[in-house]
Structures are given as C-alpha cells and as structure tokens.
Amino acid sequence: MIAIDNARVAGRSSYYVQKIFAHNRPDYTLETSLPRAANLNDQEIWALAGFDMQRGEYIVKVVSKKQTEMSVTLKFEGVIKLGKTAKVITLWHSDPDAENSLDNPNEVVPQISEFPVKGMVIDYTLRTNSLTVIRIKAL
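### Structural notes on the nonpolar core
In terms of nonpolar packing, the biggest core is built from 21 residues, with F76, L82, F115, I122, I134 and I136 touching the most fellow members. Put simply, the parts of the chain that give this core at least two residues each are β4 (45–52), β5 (57–64), β6 (70–75), β7 (82–92), β9 (121–126) and β10 (130–138). Excluding anything up to four places from it in sequence, I122 contacts V72, T73, L74, F76, L82, F115, V117 and I136. Ranked by size, the runner-up nonpolar core spans nine residues in total, among them I89, L91, V108 and V133.

Pasting the structure below:
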C-alpha cells in the first residue's frame, strides 16, 4: 500500500482507499438500493449509505468502475432536512491502471470538493473509475 525508498515515500491508490474508508465510517448503515446487473462481473457501480452519529452526517459511498462519467440520483427518504452543502471526497483517474509511484506520488490522490444540496433528492455525476464519498449534514 505504500512505496518506500531511502529518501521518499508514496501512498499507492490502495492506501488512499483504506484511508478514505477508515475516516468515513458510519455508526450504522442505511437501506441502500441500486439497479443490479444479472451477472455480478457486469456490475459497474456499488453503493452503501450510513449515518455518523458524532458528526450528525449522512455518508454515501459509491464505487464506479465505468469508463465514462455516470449520473446518479440520491434519494433521502424519511429525512426531514439536509444541510445546504455536501462534502465530496473523490479518488479517481481516467486510466483504470494508473498508480502512484515514488517518481509520481500524486497520480491518484483524493480530491475534496463541495456542492450545493437542494431538497431530499440529489443529482450527482460520478467520475470514471472512482471511489466517491459524499457527506451531508442532517438538520
């Protein structure tokens, strides 16, 4: 997960996946549904939602192995109110074989952004070959 020599260190993409998952663990999971492929090998997207009680935030984790961007709709059923912005952590690269190295340690690193939230239904576009974590405050 980490490449090291006498003078340098580089976290590989698998290191960042583990770090993202460790820092975005929900206290409990929520019902999550999405279309399933008939053959598991053909499945191009996986998702899990949960709630972080200490921060009072919903956490949505989505993995996409699609070679193109993909629009998804997140529906928060039974939720009274969400915060006005969502924090997004995205680990992605257009090349599914891209990897960090000692000579190029920032080829695949998490990117943090925000986007506005309006209502209980959120439309979001997933990057290609990505792990995306969306955190939204519960109000």
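Anyway, onward from the coordinates.
### Topic: helix α1 (residues 13–23)
For α1, the complete set of buried residues consists of S13, Y16 and I20. Here the buried residues of α1 occupy an arc of 55° about the axis, which is enough to place them on one side.

### Quick notes on the pattern of salt bridges
Side chains carrying opposite charge are able to pair once their charged atoms draw close together. Taken as a whole and assessed by the stated rule, the structure comprises seven salt bridges. The shortest N-O distance in the salt bridge between R127 and E69 comes to 3.4 Å. Within this pair, whereas R127 is found in the loop between β9 and β10, its partner E69 is found in the loop between β5 and β6, the two being separated by 58 residues in sequence. Sharing partners across several salt bridges, the network here consists of D5, R8 and D103.

### Considering unusual backbone geometry
The backbone of N129 sits at a positive phi, close to 45°, despite the residue not being glycine. Locating N129 in the fold gives a position in the loop between β9 and β10. Classification of N129 by relative accessible area gives buried; the value is 16%.

Conventions adopted
Residues numbered from 1 in each chain as written. Predicted model: local features only at pLDDT ≥ 70, side-chain atom pairs only at ≥ 80, totals over all residues. Heavy atoms only, no water. Core = buried A, V, L, I, M, F, W, Y, C linked by side-chain atoms within 4.5 Å. Buried < 20%, exposed > 50% of the residue type's maximum accessible area, 1.4 Å probe, protein only. Helix = DSSP H or I, 4+ residues; strand = E, 2+ residues; numbered from the N terminus. Contact = heavy atoms within 4.5 Å. Arc of directions from axis to C-beta. Salt bridge = Lys/Arg side-chain N within 4 Å of Asp/Glu carboxyl O.

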